[in-house]
Amino acid sequence: MVRQSAIFASIFVICLAGAGELRAAESRCAMTPQRIEQAAARLPEDIKIDFLRVRDFYALENNGCVWTAHRRDTLFEMLGRVWSHGLSPSLFHLETLKQLTPGSDMSELLMTDAALRYVRVMTAGRVPLGALAEEVSVPPLKMDAAGALAAGLHARDFAAWLEELPPRDPAYNRLRFAYEAYRTKTEEAFHPLSLEGERALHPGDRSPAVPQLAARLIKAGDASRLPAGTLYTPEMEAAVSHYQARHGLEVDGVVGRNTLAQLNTPPARRVEQIALNLERWRVLAHALPPTRIEVNAAAAQLKLIRDGRTELSMRAIVGAKKTQTPIIVSRAQAVIANPPWNVPSSITKNELLPKIAKDDTYMDRKHMEWVDGRIVQSPGEHNSLGRLKIDFPSPYAVYMHDTNARSLFGRDYRWLSHGCIRLQKPRELANILLGGGDAREEIDRLIDEEETVRVPVTEQLPVAVVYWTAFVGEDGTMNFRNDVYGRDDRLKAALRGAGGSDKPAQPVESCGM
């Protein structure tokens, strides 16, 4: 956020380095609105430009031409490397630009449109998440691409300015490097694995499928070498377990249906999956500071990241397919000890009332009562929110909380909630939010008193609920997750120009207060 704010603020602090070169360029042509229209009319039919932004840019430059040979070469070099961000150079007219005469009106116009696109795509992504009609609550990025480009062109080092535009978070760069590595794998022949008629491969089994499985695991980086032969060895089991862990599968060392499906995912699909997550990063990066509580709904995992390094990690239980956890960026506000559960009307209508109708003891057994027209569950060990709740503002009734069903954290499939985020280690997170030190003892004391108490957090850490289906751990391990919510497919469709909506998210009732 700070980095991008500095970039856009530099609009007002324009350096005069290279001004002589710029004046020389301006003396050769002038890009008035009329001249822009004339040049645009001569472009190939398949080339579309953002006329309004281009016009605004030249208005800032007093309609002068700006693309000297040095600037042109600098931009060409940058556009030639956008593939490492999961992008095609064709998005920025690169091949067409190479065919145009430098210094011509068409070249000048298209260079500017390409540069403006680069600024927008690298700082805000191609398609905002709101275009997918998902439930999204993220502070908008306030940017002026024309003004930013004008500032960048006058910066002391235009190349360095361009380099600073993409997300600088270590997680984004790790994903970029993985993308480059996986692209090379698409050039190799890929053949699906077969278990040769068996339903699964277990440690100790002998199978003609073992040599091919070993080769696949070595190529995937889950083992450096494995014993030859058809025996499923302990070394093979360890490699399979490692593979399962980084794909979010049950870690049992058995090659069954789910593990086989992941092993048979072609490298081209992985490249596409990584590219989609790079796009998500570009859309969200402006709102993701280096220190944050990050909930990855695609992995059902929470991490407290401080200055880019993980300080605390835990399993989470997030929304089911029909009650998806929204994408949210907010700030932690308070820890509530012994929270009551105000049951949402949707859950009351669809789930509780049918049970109550069949069992007149249900509410008593669940410690529930009617209060002002809605069902409330009293605090305590029986409460669905457990003993702690962590509040953060959002347009949705979504928050983080403890649970009275802790055994569910032992499951690998944890997309089970109505949209809220259940935490495996709520007391550890609450301790950090309340300042650490003696805070843990205070939390335990408040819980033991069994009174509902709201305690403002000492540190209002940002809370980011995201959706990464491909990510690289700090140890360099490439991770993939199934697209449980179908958001990869929707993002892919939006990038291809299919449908979408820019309407702001509307408040919904999710988990109750």
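Residues numbered from 1 in each chain as written. Predicted model: local features only at pLDDT ≥ 70, side-chain atom pairs only at ≥ 80, totals over all residues. Heavy atoms only, no water.

Engineer: How would you explain the nonpolar core if you had to name every residue and give the values?
Structural biologist: Residues Trp67 and Tyr118 are the most contacted members of the largest nonpolar core, which totals 42 residues. Here this core takes ten residues from helix 7 (residues 105-124), the largest share from any one element. In this structure, Ile390, Ala430, Val463 and Tyr467 belong to the second largest nonpolar core, which totals 40 residues. (Core = buried A, V, L, I, M, F, W, Y, C linked by side-chain atoms within 4.5 Å. Buried < 20%, exposed > 50% of the residue type's maximum accessible area, 1.4 Å probe, protein only. Helix = DSSP H or I, 4+ residues; strand = E, 2+ residues; numbered from the N terminus.)

Engineer: Residues and numbers for the pattern of salt bridges, please.
Structural biologist: As enumerated under the stated definition, the model contains 32 salt bridges in all. In this structure, Glu381 engages Arg387 in a salt bridge whose closest nitrogen and oxygen atoms are separated by 3.2 Å. The partner of Glu450 in a salt bridge is Arg387, and the shortest N-O contact between them spans 3.6 Å. Placement of the pair is Glu450 in the loop between helix 18 (439-449) and strand 14 (453-456) and Arg387 in the loop between strand 9 (374-377) and strand 10 (388-391), with a sequence separation of 63 residues. Shared partners join several salt bridges into a network, and the residues in it are Arg269, Glu272, Arg280, Asp488, Asp489 and Lys492. (Salt bridge = Lys/Arg side-chain N within 4 Å of Asp/Glu carboxyl O.)

Engineer: Lay out the confidence of the model for the protein chain with the relevant residues and their values.
Structural biologist: Per-residue confidence for the protein chain averages 90 on the pLDDT scale, and 91% of its residues sit at or above 70. Considering only residues more than four positions removed or in separate chains, one finds that residues 8-27, a stretch of pLDDT under 50, has 31 contacts. In this model, residues 498-508 is a region of pLDDT below 50 whose contacts with residues beyond four sequence positions or in other chains number 18 contacts. (pLDDT = per-residue confidence, 0-100. Contact = heavy atoms within 4.5 Å.)

Engineer: Break down the packing of aromatic side chains for me, with residues and values.
Structural biologist: Under the defined criterion, the tally for this structure stands at eight aromatic pairs. Ring pairing ties together the aromatic residues Trp67, Phe158 and Trp161, which thus form one cluster. Arg270 extends its terminal NZ or CZ atom over the ring of Phe480, reaching a point 4.3 Å from the ring centre. (Phe/Tyr/Trp six-rings, centres within 6.5 Å; stacked < 30°, edge-to-face > 60°. Lys NZ or Arg CZ within 6 Å of the ring centre and 35° of its normal.)

Engineer: Mind laying out the sheet that holds strand 7 (residues 341-342), listing which residues take part and the relevant values?
Structural biologist: Spatial strand order, 7-9-8: three strands in an open sheet with antiparallel pairing. Looking along the sheet, the strands with just one partner apiece sit at the ends: strand 7 and strand 8 (368-371). Two elements, strand 7 and strand 9, share two bridges in a ladder whose sense is antiparallel. For Asn342, the partnering residue across the bridge sits in strand 9 and is Val376. (Pairing = 2+ DSSP bridges.)

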